[in-house]
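Observations on chain architecture
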Amino acid sequence: MDSSTTLLVVALVVALALFFDFTNGFHDTANAMATPIATGAMKPRTAVIVAAIMNLVGAFISTAVAKTISVDTINGDLIGWGPAMIFAGLTGAILWNLTTWFLGLPSSSSHALFGGLIGAAFVYGGMDAINFVKIIEKVLIPALFAPFIAGVAAWLSTSLAYIITSRSKNVATGRGRFKIGQMFSSSLVALSHGTNDAQKTMGVITLVLIAGGMQTAEAPIPFWVILSAALAIGLGTFSGGWRIIKTMGHGLAEIRPAQGFASEVATGSTILASSYLGFALSTTQVASGSVIGSGLGRTGAQVRWGKAGQIVIGWFLTLPAAAVVGMLSALLTRGLGTTGLVLDAILALILIVWIFQASRKNKINHKSFAESGVEEVGVAIQSPRQVRKATKKAEQKIQKGKK
Amino acid sequence: MIEIKWNDLILVAGTAIGVSAFIVTFFAIGIRLLANAQHLAIAGKGKKKKDHFVAQVAYRLSAALSFLVSSSVMLYGLYIIVTFSKAVPK
């Protein structure tokens, strides 16, 4: 590869890594902001602005961590980290992230990244390139425990909040004040998200720069990498993953301020405790577990187990699905070289545009929340087929009425 | 060979459950005390106005203390985010 081709490849990978960071931002806005929006503690637009600022600040706080990325699920030393392989892996991660966003399913962006890279590594290095033991240790086991731990924490906290503030009938409980607490707790969750997730992109970009011979492994991360990763995750968060916010805030359980506060505190505590003690857990899985736990903690609250089941299936599909896309993408980049990489980029772009176009048919934005409000729970994301079915049913009803 | 750090996992679970219960409990106590103060303010319009005022102040001060305890633990979380993420590479 000559120097101009290397520069083109590196530029493409950097652009794709930043786009992954952007999708990571809007995919994960719900982790911190779904419950304050659902309870009305913050207006939807205000919530995403706060989350975006917190993610931006968080990205700047934790630059030291970005020097290494947690990808020991791949035997990187064995196959080497080529820019084309990373490109293929990122394509897998992005396409899976967008698919789950379209379906309104909160899934782990980290697992999507690992999955994409694992698939690409398989094409470049075969079975030896994948560390299956680490996949079980770092992905599967935490995926089993993360929602459970957060769920128990949120269930206990919600129960305590309701017991402590309970009063005899017709006496005001003052539970609306939990909304004030929610503003702080959700901001803390957004900040911790920024410190964790923006580093992944910084790590990937640094890895590509080193692989492309544009930086030494010992050199500090360039400021433009930190700035661009921080801006990408901040912008992604600001654009708001409204579909996932709707699922997390309204689709899983009926959330009230005390539950929202307990849920966010449980999410924040679990993420911080796991990071501090070196047992990394997925923010998305922790946040989803907390919402379910808070739903169980209030007497009379409903948990929609059907939706919860769909989300869990999404979690377990994330790694293999992103790996398959990464693998297909890597087949192109490996087989056709730079031409394959450009072809790969075009195909990925077409699919991304197609997903965004399809999402416009069933558009969900901040206004959807203003219209629906907290009362209208249970309206989860509908597929185009469900929308057609509902429209047909409504038309039939009108016709019957005319007769 | 799969190595699961069970002790760490139990510690994470214990810490997360304990800390979140602690923060929410103190915040809820604060809310309860504030509600008590409000009920007294509504009820205390008759002869016991002075007694009610003293009780109200006590309730409000205790509520503030509860919120302070709760927010201190949350601020400690912020401190952990800032210091820990700077110090330990993953």
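Bear in mind the structure is a predicted one, so any value in this text is a computation, not a measurement.

Regarding the overall build of chain B
- Assigned secondary structure in chain B consists of two helices and zero strands.
- Sequence separation of 24 or more characterises 67% of the internal contacts of chain B that already satisfy a separation of 6 or more.

Some words on the overall build of chain A
- Broken down by element type, chain A carries 14 helices and zero strands.
- Tracing chain A from N to C terminus, the helices and strands come up as α-α-α-α-α-α-α-α-α-α-α-α-α-α.
- Looking at the 403 residues of chain A, the share that counts as buried comes to 57%.
- Restricting to contacts in chain A with at least 6 residues of sequence separation, those with at least 24 account for 88%.

Brief notes about the confidence of the model for chain B
- When pLDDT is averaged along chain B, the result is 82; 87% of the residues meet or exceed 70.
- The ipTM value of the predicted complex is 0.88, and its pTM value is 0.81.

Digging into the packing of helix 7 (residues 178-211) of chain A against helix 8 (residues 223-239) of chain A
Residues and elements named next belong to chain A.
- Closest axis-to-axis distance for the helix 7/helix 8 pair is 9 Å, and the angle between their directions is 130°. In terms of orientation, helix 7 lies oblique with respect to helix 8. Where helix 7 crosses over helix 8, the two elements pack in a sense that is right-handed. Counting all contacts with helix 7, which are made through G194, D197, A198, T201, M202, I205 and T206, the residues of helix 8 involved are V225, I226, A229, A230, A232 and I233.
- For the contact of helix 7 with helix 8, the per-class residue count stands at nine nonpolar, three polar and one charged.

Concerning the packing of helix 1 (residues 3-39) of chain A against helix 12 (residues 305-361) of chain A
Residues and elements named next belong to chain A.
- At a closest axis distance of 11 Å, the pairing of helix 1 and helix 12 adopts a crossing angle of 25°. By the angle between their directions, the pair helix 1 and helix 12 is classed as roughly parallel. The hand of the helix 1/helix 12 crossing is left-handed. Across from T5, V9 and L12 in helix 1, the residues of helix 12 making contact are T338, L341 and A345.

Things to note about the nonpolar core
- In terms of nonpolar packing, the biggest core is built from 137 residues, with V13, V208 and A229 of chain A together with A16 and V24 of chain B touching the most fellow members.
- With near-sequence residues (within four places) excluded, V13 of chain A lies in contact with P83, I86, F87 and V208 of chain A.

Points about the interface of chain B and chain A
- Contacts between chain B and chain A engage 38 residues on the former and 50 residues on the latter.
- Breaking the side of chain B that touches chain A down by element, the ones donating at least two residues are helix 1 (6-43) and helix 2 (49-87) of chain B.
- No other element matches the 22 residues that helix 1 of chain B contributes to the side of chain B that touches chain A.
- Looking at the side of chain B that touches chain A, its residues break down into 26 nonpolar, six polar and six charged.

Some points on the confidence of the model for chain A
All names here are of chain A.
- Predicted confidence across chain A gives a mean pLDDT of 80, with 87% of residues reaching 70 or more.
- Considering each helix and strand of chain A separately, the mean pLDDT is smallest for helix 13 (residues 366-372), with a value of 62, and largest for helix 4 (residues 83-103), with 88.
- Low pLDDT (under 50) marks residues 372-382, which in the prediction has 19 contacts with non-local residues, meaning those over four places away or in another chain.

Considering the environment of T39 of chain A
- Structurally, the position occupied by T39 of chain A is in helix 1.
- Along the primary structure T39 of chain A and L144 of chain A are separated by 105 residues, whereas in three dimensions their C-alpha atoms are 28 Å apart.

Points about the environment of G213 of chain A
- Along the chain, G213 of chain A turns up in the loop between helix 7 and helix 8.
- Sequence separation of G213 of chain A and L7 of chain A is 206 residues, and the distance between their C-alpha atoms is 9.9 Å.

Concerning helix 10 (residues 257-276) of chain A
- Under the 1.5 Å per step criterion, the end-to-end length of helix 10 of chain A is 28 Å for 20 residues, consistent within 8% with the ideal 28 Å.
- The buried fraction of helix 10 of chain A amounts to 19 of the 20 residues, a majority that puts the element mostly inside the structure.

Things to note about the environment of T25 of chain B
- Following the sequence through the fold, T25 of chain B ends up in helix 1.
- Each C-alpha atom, one on T25 of chain B and one on S70 of chain B, is 8.1 Å from the other, the two residues being 45 residues apart in sequence.
- In this structure T25 of chain B touches L160 and I164 of chain A, once residues within four positions along its chain are discounted.

Scoring rules and cut-offs
Residues numbered from 1 in each chain as written. Chains lettered and ligands numbered in written order. Predicted model: local features only at pLDDT ≥ 70, side-chain atom pairs only at ≥ 80, totals over all residues. Helix = DSSP H or I, 4+ residues; strand = E, 2+ residues; numbered from the N terminus. Contact = placed C-beta atoms within 7 Å. Buried ≥ 20, exposed ≤ 12 C-beta atoms within 10 Å, placed from the backbone. pLDDT = per-residue confidence, 0-100. Axes fitted to C-alpha atoms, helices over the stretch in contact; angles between N-to-C directions. Parallel < 35°, antiparallel > 145°, perpendicular 65-115°, else oblique. Left-handed = near helix turned anticlockwise from the far one by under 90°. Nonpolar A, V, L, I, M, F, W, Y, C, P; charged D, E, K, R; others polar. Core = buried A, V, L, I, M, F, W, Y, C linked by C-beta atoms within 7 Å. Expected span 1.5 Å × (residues − 1).

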